[in-house]
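One letter stands for each residue in the lines below.
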Amino acid sequence: MSGRKININSLDGKGMEKEIDIEQIFFILIRNKIRIGLFILAGIGISGLYLITTKKVWQGEFQIVLENKTQERFSSSINQDLAKLGVLPQKENELKTEVEILKSPSVLLEIFEFVRSKKAFKPNSIKGLKFKEWRRNSLQIELEEETSVLNISYRDIEKKLIIPVLKKISDSYQEYSGKKRKRNIELGIEYFKDQIEIYKKRNLESIIAAQNFANKHDLSIKTIENKKDSRTLVNVEETRLEAANEIRLIDQQLKVLKDLEDVRDDQAIYLASTIGPLKELSLDLKSIEENIARSLLNYKESDKRVQGLLEEREFVIEILKKQAIGVLNAKKANATARLKAAERPQGVVLDYKLLLNNAARDKATLDQLENQYRSVLLEKARYQDPWELISSPTVLPFAVSPIKSRILVLGMLGGAFLGSVISLISERRKDIIYELTDINTSNEFPFLAELSISQNQLWGESIELILSGPLLDSEGSVAFLIIGEIDTAIIEKFKKLLEKKFNEREFIITKDIRDALKLQNLIIVVALEITRNKELLDARKKLELQKVTSTGILVIKN
């Protein structure tokens, strides 16, 4: 018989591992089909009993959105400001953190106590049940992948209790969403109050420091604004700038006066007009010029009247030039004095500007904090929708546990498996030879023939083949050693057949190995489904001890 071999833990007389193939296992299961069938029925029965005695578990569920898009649109700027300042958490992993919070006792403990109170006086009371065990077995809270949608499902054997529990969970989550927002705003208000108080004090201190420094060094500021920008100058900087420009202009005017040996009328009039104290003298010079022009219309240049006016003009020009130089020198001295007065020790102006910048920064920070504080107060006053409920709590129309088909299939498979294992173990313990492949034949104990009880008409042919084959060259009597409790009727039938065929040779049929050893030839007779492997093995060992070689093994098949 061919097939894939599987080793089992028994040894034959030569210490070789005994093998069993898949086909043998199949035959074992077929032989024990009634037993296995009974186990399958028992498994189905136990499963059915379990289904009858086990209460149905019902499941309800709903979905909720953890992020409110409208809320984010209106208050995103506020939240960003608070997040930058460290008041609100950043977005990274925020949803996962939210889910873990929603699983915590701080949110669900009230629901757990509600369930306990409803079941306190019922046979299936969960009085000793712990919160973690209840949440693990009854409640499932999971985020929809790559979304902010939260799936919540609750299981219970009491169908009527599921909807109230789910509604309480929904109310608790929505209350938590508002509570969280309120808490964040309260934290923001506290934060801004503290910071505003700090920066008010800091701003006042920086202003006082700048003012004291300005008083000590006679400093003040002036803001110059134009279309492009706005800048602040310290008063001494402005004074120095104006005095230096004025000195530079006066030096240029003096240079012009000194370089001109013969000042023309128009130059003299222009210079006089640019110097305030000389304006009256410049008007006189202009009047003389006009008189000269009118006189030249009626008189010649050599006329006494014209010559007098020309001499008067030269005199006025000379006086105008001298007075102009004097006035300019006086103005230069005045500007130089102002420039000197505007001088301050090195670093004073820079330190004052630093103090002014610090005061300006503190004021800007304070203004920003106050604006943000007002925004948070407005956010607090604004009504905000809780998390959006996108599906109402509902109970599934069918029980989720126990699943009848699965329980019955498991019972059937479990019964089949247990029946098969017990059948294999039973046959292993019985150690009965069922198939020819169970017999470990060898050169010393060759297989001779198989005699089928259902085909006993062929026995004679098999005996003749043995006589004309293995026993042909041997002489003397033949002992047929019966191994196992073979039925007496079969032995009698076998004996009658041998009497017909062994008419000239002596033979015996015996179960006693000592009687068998008295004859010259020995044939071992085993019966399938009757002879045990151990019986055959013991017989072979005894023969080996006596150094007796068997002619072969004859197998009777039922």
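See the structure shown above.
Presented here is a report on the structure given in the accompanying data block.

Conventions we followed
Residues numbered from 1 in each chain as written. Predicted model: local features only at pLDDT ≥ 70, side-chain atom pairs only at ≥ 80, totals over all residues. Heavy atoms only, no water. Helix = DSSP H or I, 4+ residues; strand = E, 2+ residues; numbered from the N terminus. Buried < 20%, exposed > 50% of the residue type's maximum accessible area, 1.4 Å probe, protein only. Pairing = 2+ DSSP bridges. Axes fitted to C-alpha atoms, helices over the stretch in contact; angles between N-to-C directions. Contact = heavy atoms within 4.5 Å. Polar contact = N/O pair within 3.5 Å; in protein donor to acceptor, adjacent residues only side chain to side chain. Left-handed = near helix turned anticlockwise from the far one by under 90°. Phe/Tyr/Trp six-rings, centres within 6.5 Å; stacked < 30°, edge-to-face > 60°. Expected span 1.5 Å × (residues − 1). Right-handed = clockwise from strand over helix to strand, strands pointing away.

Let us now look at the overall build of the chain. What the chain contains, in helices and strands, is 17 helices and 13 strands. Expressed as a percentage of the 558 residues in the chain, the buried residues total 37%.

An order of β9-β13-β12-β10-β11 is seen for the 5 strands of this open sheet, with the pairing classed as parallel. At either margin of the open sheet sits one strand with a lone partner, and together these are β9 (447-452) and β11 (507-510). Strand-to-strand, the axes of this sheet are offset by a mean angle of 20°, without reference to chain direction. One ladder, built from 5 bridges, connects strand β12 (residues 521-527) with strand β13 (residues 552-557); its direction is parallel. Within the sheet, the bridge partner assigned to V526 lies in β13 and is V555. Against the sheet, helix α14 (residues 459-468) touches β9, β12 and β13, its axis set at about 170° to β9. Strands β9, β10 (478-483), β11, β12 and β13 of the sheet are contacted by helix α15 (residues 488-501), whose axis makes an angle of about 175° with β11.

The element β12 is extensively covered by neighbouring structure, given that 7 of its 7 residues are classed as buried. Judged by which residues are buried, β12 turns out to be covered on both faces: N521, I523, V525 and A527 on one side and L522, I524 and V526 on the other are all buried. Pairing geometry for β10 and β12, over 6 bridges, is parallel. Pairing of V478 across the sheet is with N521, part of β12.

Moving on: the side chain of S206. Assignment of secondary structure puts S206 in helix α7 (residues 159-216). Of the polar contacts made by the side chain of S206, one reaches the backbone oxygen of N203; its length is 2.8 Å.

So, on to the packing of helix α2 (residues 33-53) against helix α13 (residues 404-430). At a minimum axis separation of 7 Å, α2 and α13 run at an interaxial angle of 145°. Our pair here, α2 against α13, has a crossing hand that is right-handed.

What follows concerns the packing of aromatic side chains. If you walk through the whole model with that rule in mind, you get 7 aromatic pairs. Judged by centre distance (5.8 Å) and plane angle (85°), the rings of F112 and F131 are edge-to-face. Of this pair, F112 sits in helix α5 (residues 105-119) while F131 sits in helix α6 (residues 131-138), and the two are 19 residues apart along the sequence. An identical accessibility class is assigned to F112 and F131; each is buried. Relative to F494, the ring of F480 has its centre 5.5 Å away and its plane inclined at 85°; by these criteria the two rings are edge-to-face. Taken together, the positions of F480 in strand β10 and F494 in helix α15 put the pair 14 residues apart, joining distant regions of the chain.

With respect to the element layout, I325 can be found in helix α11 (residues 304-341). For I325, a relative accessible area of 22% corresponds to the partly exposed category. Remark: the alpha-carbon pair of I325 and K255, spanning 70 residues in sequence, is separated by 9.8 Å.

Within an α-helix, residues lying three or four positions from one another point in the same direction, as the helix has 3.6 residues per turn. In a regular helix each residue adds 1.5 Å, so 14 residues correspond to 20 Å; α15 covers 20 Å between its end C-alpha atoms and thus fits that length. Looking at the buried positions of α15, the neighbouring elements they touch are β9, α14, β10, β11, β12 and β13. The distance from a side-chain oxygen at the start of α15 to the backbone nitrogen of A489 is 3.0 Å, and the residue carrying that oxygen is D487.

Moving on, we come to the pairing of β11. Bridging between β10 and β11 involves 4 bridges; their strand directions are parallel. In the strand pairing of β11, V478 is matched with F507. Handedness of the β10-α15-β11 crossover: right-handed.

This paragraph deals with the sheet that holds strand β5 (residues 149-156). As summarised here, the arrangement of the 4 strands in space is β4-β5-β3-β8, forming an open sheet in which the pairing is antiparallel. In the strand order of this sheet, the two ends are held by β4 (139-143) and β8 (389-395), each with one partner. Direction aside, neighbouring strands of the sheet carry axes that sit 10° apart on average. Where β4 and β5 come together, 5 bridges link them in antiparallel fashion. For I141, the partnering residue across the bridge sits in β5 and is I152. The strands touched by α7 within the sheet are β3 (58-65), β4, β5 and β8, with β3 carrying the most contacts at an inclination of about 20°.

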